[in-house]
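Coordinate analysis (summary)
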Amino acid sequence: DRGDAPDFTAKEIDEQPAAARRLLDGLLGRLADGRLLTDLGLARPDRVRLVACGTSRHAAEVVARVLAVEGGVPSRVVTASEADLAVPEPGTLTMALSQSGETADVLAALDRWDDPVLALTNAPRSSLARRADAVLGLGCGPEIGVAATKTFTAQVIAGVAVALAIASASGRLAPARLAALEQVLDGLPARLAASAALAAAPAAALADELADRPGAVFVSRGAGVPYAQEGALKLEELAYRWVEALPAGELKHGPIALLGPGTPVVVVGAEPRERLAVGIAEVTARGARTVLVGSGEDADLPVCLPAEEPPWGPLEAAVALQLFAREVTVRLGHEVDRPRNLAKSVTVE
Ligand code: M6R
């Protein structure tokens, strides 16, 4: 039942703060010394392999960064359909991220290795959950819209919790730093709600302005890059627009040739802003339409970010980009919940 919401996607975007709260309530306080790992029956790994596709792969990129930055833990994100390139390494924990738990590429990839598998899934009775040695359920409730929304934010939260638990167990993450990060996580549901409220009207106005543009470029730096990729994917799959997503520093190595007067360039989060200044200047000089997504006064798509960027980056921006993609889709008259050519579970390799 979608209640008063115009479509399931709108409803599920809206449910993110509550879903995040439920998940965090079950995770916070269990990260120190890796207790979460022990509870899941897992040993502390030396390294982590993250396997996923699509939106789930973007969440995996965020988790990999947290493992590296907070724990010095080596990790590798494996695109499930390209798993033949990932060599077995001893001491590895495989984290499989899949909201449906039925993605054939992910299930096939797992046949390649013997390592323990931790599944992050919204479907605790799925094929993936049965195959895994341990399951961390996202507990989001059903996600009907084909575009992953609330399961993305939940995957990031669950994955970050596992990464912090591993980092703490490895002795590299000091208790005071962990406590500070847990506090930032605890404030996330409120910031997600504030971001949805702040971004709603600007997302609609931007969609009015930009819906008819044939394509767009999404950029960010560092921890913001997976969110730029995720925002781009939402626009592609819902609004059927060609979108290029890349680290801002890569623009000058080729894709800048795509920019002309009026090309939308969505610049996602990443504080401090100076890290993006050069990229923004390059874009503005070509007459492109820069759309800043962030917490600064000058943001076109304003969101509520913590004072200091956490290692998992501007997760709050994901909500604003979901809203924007949905608004563009509505203006173009496309079916929001059931985009063409796509299924909620991709059960073929
Ligand atoms: O169920 P999964 O998380 O394994 O699905 C992976 C992708 O097929 C999925 O994220 C897809 O990219 C979504 N439709 C994105 O919104």
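Residues numbered from 1 in each chain as written. Predicted model: local features only at pLDDT ≥ 70, side-chain atom pairs only at ≥ 80, totals over all residues. Heavy atoms only, no water.

Taking an unreviewed UniProt entry as the reference, the protein is identified by name as Glutamine--fructose-6-phosphate aminotransferase [isomerizing] belonging to Actinomycetospora cinnamomea. Recorded in UniProt under Catalytic activity (unreviewed entry), the annotation for the protein is "D-fructose 6-phosphate + L-glutamine = D-glucosamine 6-phosphate + L-glutamate". (UniProt positions renumbered as here; feature names shortened; annotations may be inferred.)

The phi angle at Tyr240 is positive, at roughly 60°, despite the residue not being glycine. Residue placement: Tyr240 occurs in the loop between helix H10 (225–239) and strand E7 (242–247). Positive phi, normally seen in glycine, also occurs at Asn341, with a value near 65°. Along the chain, the position of Asn341 falls in the segment after helix H12 (316–332). (Helix = DSSP H or I, 4+ residues; strand = E, 2+ residues; numbered from the N terminus.)

Once that is clear, we can look at the packing of helix H8 (residues 175–186) against helix H9 (residues 188–210). The description of two packed helices rests on the angle between their axes and on the distance between the axes. Orientation of H8 relative to H9, taken along the N-to-C sense of each, is 40°, at an axis distance of 5 Å. Contact with H8, carried on its side by Val184, Leu185 and Asp186, involves Leu188, Pro189 and Arg191 of H9 and no other residues of that element. The class makeup of the residues in the contact of H8 with H9 is four nonpolar, no polar and two charged. (Axes fitted to C-alpha atoms, helices over the stretch in contact; angles between N-to-C directions. Contact = heavy atoms within 4.5 Å. Nonpolar A, V, L, I, M, F, W, Y, C, P; charged D, E, K, R; others polar.)

On to the site of the ligand, then. In the region of the ligand, 15 residues are neighbours, and Ser56, Ser98, Ser100, Thr103 and Glu237 sit closest. One of the side-chain N or O atoms of Ser100 is found 2.7 Å from an oxygen atom in the ligand. Interatomic distance of 2.9 Å between a backbone N/O atom of Ala148 and an oxygen atom of the ligand. Expressed as a share of its isolated accessible area of 410 Å², the protein-covered part of the ligand is 91%. Looking at the shell around the ligand, the elements with two or more residues in it are helix H4 (54–71) and H10. Split by residue class, the shell around the ligand holds six nonpolar, seven polar and two charged. (Near = heavy atom within 4 Å. Polar contact = N/O pair within 3.5 Å; in protein donor to acceptor, adjacent residues only side chain to side chain. Areas by Shrake-Rupley, 256 points an atom, 1.4 Å probe, with all protein chains shown as cover.)

Right, let's get into the packing of aromatic side chains. Scanning the entire structure with this criterion turns up one aromatic pair. Ring geometry for Phe152 against Tyr227: centres 6.1 Å apart, planes inclined by 75°, an arrangement best described as edge-to-face. Here Phe152, found in helix H7 (residues 150–169), pairs with Tyr227, found in helix H10; they are 75 residues apart in sequence, far enough to count as distant. Here Phe152 and Tyr227 have matching classes, each one buried. Note that Arg49 overlies the ring of Trp113, its terminal NZ or CZ placed 4.0 Å from the centroid. Taking NZ or CZ as reference, Arg340 lies 3.9 Å from the ring centre of Tyr240, over its face. (Phe/Tyr/Trp six-rings, centres within 6.5 Å; stacked < 30°, edge-to-face > 60°. Buried < 20%, exposed > 50% of the residue type's maximum accessible area, 1.4 Å probe, protein only. Lys NZ or Arg CZ within 6 Å of the ring centre and 35° of its normal.)

Here the focus is the nonpolar core. Met95 and Leu118 are the most contacted members of the largest nonpolar core, which has 85 residues in total. Apart from the residues lying within four places of it in its own chain, the contact partners of Met95 are Val48, Arg49, Leu50, Val51, Val63, Leu118, Leu120, Gly159 and Val162. One finds Leu110, Trp113, Val117 and Leu128 within the second-largest nonpolar core, a separate group that totals 14 residues. (Core = buried A, V, L, I, M, F, W, Y, C linked by side-chain atoms within 4.5 Å.)

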